[in-house]
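Observations on the model geometry
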Protein chains: 2
Amino acid sequence: MKPQGKKKATIYDLSVLSGCSASTVSAVLNGTWRKRRIKESTAELIQGLAEQHQYTANLQARGLRNSRSGLVGLLLPVHDNRYFSSMAQTFEAQVRSHGKCPVVVSASRDPQEELATVETLISYSIDELFIAGATDPDSVHGLCEAAGIRHINIDLPGTKAPSVISDNYQGARLLTQAIIKRFDDAASPLKPEELFLFGGRNDHASRERIKGFRDIKTELLGHDSDACIQPTGYSPGMTQKAFEAFYEREGKLPRGLFINSSINFEGLLRFMAQHPHETFADIVVGCYDYDPFGSFLPFPVIMIRQDTESMLAKAFELIEETRPAVKIHLIQPELVHPRTALKGPLDSIRDIDA
Amino acid sequence: MKPQGKKKATIYDLSVLSGCSASTVSAVLNGTWRKRRIKESTAELIQGLAEQHQYTANLQARGLRNSRSGLVGLLLPVHDNRYFSSMAQTFEAQVRSHGKCPVVVSASRDPQEELATVETLISYSIDELFIAGATDPDSVHGLCEAAGIRHINIDLPGTKAPSVISDNYQGARLLTQAIIKRFDDAASPLKPEELFLFGGRNDHASRERIKGFRDIKTELLGHDSDACIQPTGYSPGMTQKAFEAFYEREGKLPRGLFINSSINFEGLLRFMAQHPHETFADIVVGCYDYDPFGSFLPFPVIMIRQDTESMLAKAFELIEETRPAVKIHLIQPELVHPRTALKGPLDSIRDIDA
DNA sequence: ATTATTTGCACCATCGATTGTGCAAAAAAG
DNA sequence: CTTTTTTGCACAATCGATGGTGCAAATAAT
């Protein structure tokens, strides 16, 4: 058994054991010992002791001293859907490849919670912050700015820090167009009042998507009325209610549905669970998010896959610039046809079998 | 504009501003000032200044001093599936309700990565660690033990720390039984060689599930052969290959499929994308994981929903005991019939509309 | 042998917050 | 007006790691 009695070894313990000063030990263990002209043999001695005693640096102490922590944060609205969980997954991989420690936290799309969470992260001297889908990116910016923390917006743009978002307008056009195309050889052509958009709220992404939807819809179907836009917020429950209300009123669902996110799509699932399959036997759904299971549902589901990999790569690139321009970088999303199982971040994880 | 010039205010700044000593400031701001007999008026003075100058404690310094950080960690295998992302979601909620700060990290089911990650967390003086699905919980235990960190296993049990896992044996029995029942009024009854299990590896969960599967299968169908168990690891790619191989050999898929996790289920999706729908028109799938979209696929999908809420609640309960018994606590999972959209952790998030 | 360099390391202040201890001034008791 | 008690707070050590500075001893140059 190793001396793993109670407390963790510190440089002071190793200092005593080695007969060297604590600063020497520190230099050896953090790799700056050549700069400090420490003899190779002393370095080896100390490294040996460190290993024996399972020394690991106290990162809080180190962080306190250099006011950097080695932590890189990702602030998410929520964990529990494939868009954000896959973002978390690629984020972790990328941060690790930079030799830092990823930290992922969610703030429930609650401005208060966002600020509180970011304050906490700042208090831990986080080095960089990726702000994904903040409701109020500019306030978050304020905190980071005041603390001198490099940060960048993902998914929802801010006006005060560089932002990397997916091209929601283009994506929505693609998606809407694909929905409409699906009806090309249908018995009866799709009428403008049969194509609805559900979900989202008054955020940048939703606005752009709605714009894209309306533009292309008007272009292809000749008309679009306000009634066809149903922003229900980002909750499955609210979305379900919206569908129920619609169904109550019209006795059926629209044949063409643009659904603003997979979270809203879950609202449709809840509706479906309450109604016989015939209710939506002939609908076509476009969902602005990709979920592999969603892609195989028993009606055509066209999805948009946002390119989190590129978004994060771009974000890393920007965050490393000394003085990145405060502009919005658009990343093109990808249209995913029904019944498609794309590879994801999990595929780069090596799997060991039993 | 507030004095948010550059650096964050410290107790020393407030000390100067208020004319009090730093220790007084500290006491006031961390709430121990009554114990320390600080006059109410001084407290108010300092609190006022703190607010004005947007003081927030440097948590690294505090953590260094008390060798606690206020951080509670959750170690996941991966983020990117609904089981773990919903675990992360409920974890965060529960940790916050305890007034602490949640930290979620994944380690890719890689023993090395797991240990390295935990070491890092320990170096930040994390207070408690929830270890979910570690490949090697007992080594992780070693690290925590040495550092005096309270920890608990979730999902995959260890032998040295208390564990909260779902009752995989029972769950598998339920699921297998439900699959078989589905064929009760089929044209031809299900034969033993038509019911397969795919996915998983040699971990505790898989073993239990396989046991449950085989037991009930033997019970109800009279026989089960080793050939019907196909552990493919936890990767979609490998699982897909297994299905392709099977299909190559047999010209069809088994009519009854027990799939060990949603990750493996994704392997089936990939297979499906390559083949016409008729290939699996009449299959029944049981998946040991719940995914709302998976539940609505165009063939019957019976799912098991593991009760992460209860698991975490139990885990919190245990981790707060001074000397919890090293035993395994089983949490009953829930059978989810096809076309069911359950509520999840996102439903407890309040949504504000535009 | 003397001076000039280089080598190898120790010393100490510092990061920001916490806490045990001690000591004046104010209030109460006598 | 003393003596005792209480009130209110300051001091200083501490947590662990870092890095600037300084100073001997070893080595090289003259």
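Residue positions are given per chain, counting from 1 as you read along its sequence in written order. Key to labels: chains lettered from A, ligands numbered from 1, both in the order written. Only residues with pLDDT of at least 70 are given local features in this predicted model, and only at 80 or more are side-chain atom pairs given and counted; all residues enter the totals for whole chains, interfaces and linings. Note: side-chain values were computed over all heavy atoms of the structure, leaving out hydrogens and water.

Notes on the overall build of chain A
As a reminder of what qualifies: The secondary structure listing takes helices from DSSP runs of H or I that are at least 4 residues long and strands from runs of E that are at least 2 residues long, numbered from the N terminus. The globule rule used for comparison is 2.2 Å times the number of residues to the exponent 0.38, while the radius of gyration itself is calculated over C-alpha atoms. Exposed residues in this analysis have more than 50% of their type's maximum accessible area, buried residues have under 20%, and partly exposed residues fall in between, with area computed by a 1.4 Å probe over protein chains only. What makes two residues a contact is simply this: any of their non-hydrogen atoms within 4.5 Å. Counted as positive: Lys and Arg. Counted as negative: Asp and Glu. His and the chain ends are not counted at all. In this description, the location of a charge corresponds to atom NZ of lysine, CZ of arginine, CG of aspartate or CD of glutamate.
When you go through chain A residue by residue, the secondary structure sums to twelve helices and twelve strands. For chain A, whose C-alpha radius of gyration is 26 Å, the value lies well above the compact-globule estimate of 20 Å for 354 residues. Once the C-alpha set of chain A is aligned to its principal axes, its extents read approximately 90 × 50 × 30 Å. Residue burial in chain A is summarised as follows: out of 354 residues, 57% are buried. A fraction of 68% describes how many contacts in chain A between residues 6 or more apart in sequence connect residues 24 or more apart. Where the 40 positive side-chain charges of chain A centre and where its 44 negative ones centre are 8 Å apart.

A closer look at the protein's contact with DNA strand C
Our working definition: One heavy atom within 4 Å of a molecule or strand is enough for the residue carrying it to be called near that molecule or strand. Polar contacts, as counted here, are pairs of nitrogen or oxygen atoms within 3.5 Å of one another; within protein the pair requires one atom able to donate a hydrogen and one able to accept it, and residues that are adjacent in sequence qualify only if both atoms are side-chain atoms. Here the nonpolar group is Ala, Val, Leu, Ile, Met, Phe, Trp, Tyr, Cys and Pro; Asp, Glu, Lys and Arg are the charged ones; every other residue, Gly included, is treated as polar.
If you check the shell around DNA strand C, you find 26 residues, and the closest are A:Thr24, A:Lys39, B:Tyr55, B:Arg62 and B:Arg65. Counted by atom, the contact set of DNA strand C within 4 Å of the protein is 47% sugar and phosphate. Separating a phosphate oxygen of DNA strand C from a side-chain N or O atom of B:Ser26 is a distance of 2.8 Å. Among the elements of the structure, helix 2 (22-30) and helix 4 (59-66) of chain A together with helix 1 (11-18), helix 2 (22-30) and helix 4 (59-66) of chain B are those that each provide at least two residues to the surface near DNA strand C. Looking at side-chain class alone, the surface near DNA strand C contains eight nonpolar, eleven polar and seven charged residues.

Notes on the protein's contact with DNA strand D
What surrounds DNA strand D is a group of 26 residues, the closest being A:Tyr55, A:Arg62, A:Arg65, B:Thr24 and B:Lys39. The protein-proximal atoms of DNA strand D, defined as those within 4 Å of the protein, are 46% sugar or phosphate. In the model, a phosphate oxygen of DNA strand D is placed 3.2 Å from a nitrogen or oxygen of the A:Asn30 side chain. Contact distances for DNA strand D include 2.7 Å between a phosphate oxygen and a backbone N or O atom of B:Ser21. Elements with a minimum of two residues in the surface near DNA strand D: helix 1 (11-18), helix 2 and helix 4 of chain A together with helix 2 and helix 4 of chain B. Counting residues per element, the surface near DNA strand D draws most heavily on helix 4 of chain A, at four residues.

What about the interface of chain A and chain B?
Stated precisely, the cut-off is as follows: The term buried area refers to how much accessible surface (probe radius 1.4 Å) is lost by two components on association, counted for both of them together. Salt bridges are defined as contacts in which a side-chain nitrogen from Lys or Arg sits within 4 Å of a carboxyl oxygen from Asp or Glu.
Facing the 84 residues of chain A at the interface are 84 residues of chain B. Buried area between chain A and chain B, both sides added, is near 7,200 Å², and the carbon and sulfur share of it is 55%. The largest contributions to the chain A side of the interface with chain B come from A:Gln60, A:Asp80 and A:Phe293, which together make up 12% of the buried area. On the surface where chain A and chain B come into contact, there are eight salt bridges. When the shortest N-O distance is used, the salt bridge between A:Glu113 and B:Arg96 registers 3.3 Å. For the pair chain A and chain B, the number of links is 34 residue pairs in polar contact (both at pLDDT 80 or more). Breaking the side of chain A that touches chain B down by element, the ones donating at least two residues are helix 4, helix 5 (82-97), strand 2 (101-106), helix 6 (111-123), helix 7 (137-147), helix 10 (236-250) and helix 11 (262-273) of chain A. Tallying contributions element by element places helix 11 of chain A first for the side of chain A that touches chain B, with eight residues. Residues that form the side of chain A that touches chain B fall into these classes: 36 nonpolar, 27 polar and 21 charged.

Looking at helix 1 of chain A
All names here are of chain A. What counts here: Along the arc lie the directions from the helix axis toward the C-beta atoms.
Buried residues of helix 1: Ile11, Leu14, Ser15 and Ser18, and no others. Down the axis of helix 1, the buried side of the element spans an arc of 110 degrees, and every buried residue falls inside it. In this structure, helix 1 carries Tyr12 and Val16 as exposed residues pointing more than 90 degrees from its buried face. Next to the buried residues of helix 1 lie helix 2 and helix 3 (40-52). You can read the cap of helix 1 off the contacts: a side-chain oxygen lies 3.0 Å from the backbone nitrogen of tyrosine 12, and it is on threonine 10. Just downstream of helix 1, glycine 19 is the residue with a positive phi angle, here 80 degrees.

Regarding the pattern of salt bridges
All names here are of chain A. Taken as a whole and judged by the stated rule, the model has 32 salt bridges over all chains. Where glutamate 92 meets arginine 96, a salt bridge forms, and the shortest distance between an N and an O atom there is 3.2 Å. With glutamate 92 and arginine 96 both in helix 5 and four residues apart, the pair spans about one turn of that helix. Exposure remark for glutamate 92: the relative accessible area of 2% places this residue in the buried category. Accessibility expressed as a relative area gives 25% for arginine 96, which makes it partly exposed. Taking the shortest distance from any N to any O, the salt bridge between lysine 100 and aspartate 127 comes out at 2.9 Å. Placement of lysine 100 in the loop between helix 5 and strand 2 and of aspartate 127 in the loop between helix 6 and strand 3 (128-132) is noted, with a sequence separation of 27 residues between them. The class of lysine 100 is partly exposed, set by a relative accessible area of 25%. Of the residues examined, aspartate 127 reaches a relative accessible area of 12% and is grouped as buried. A single salt-bridge network, built from bridges that share partners, covers Arg214, Lys217, Asp224 and Asp226.

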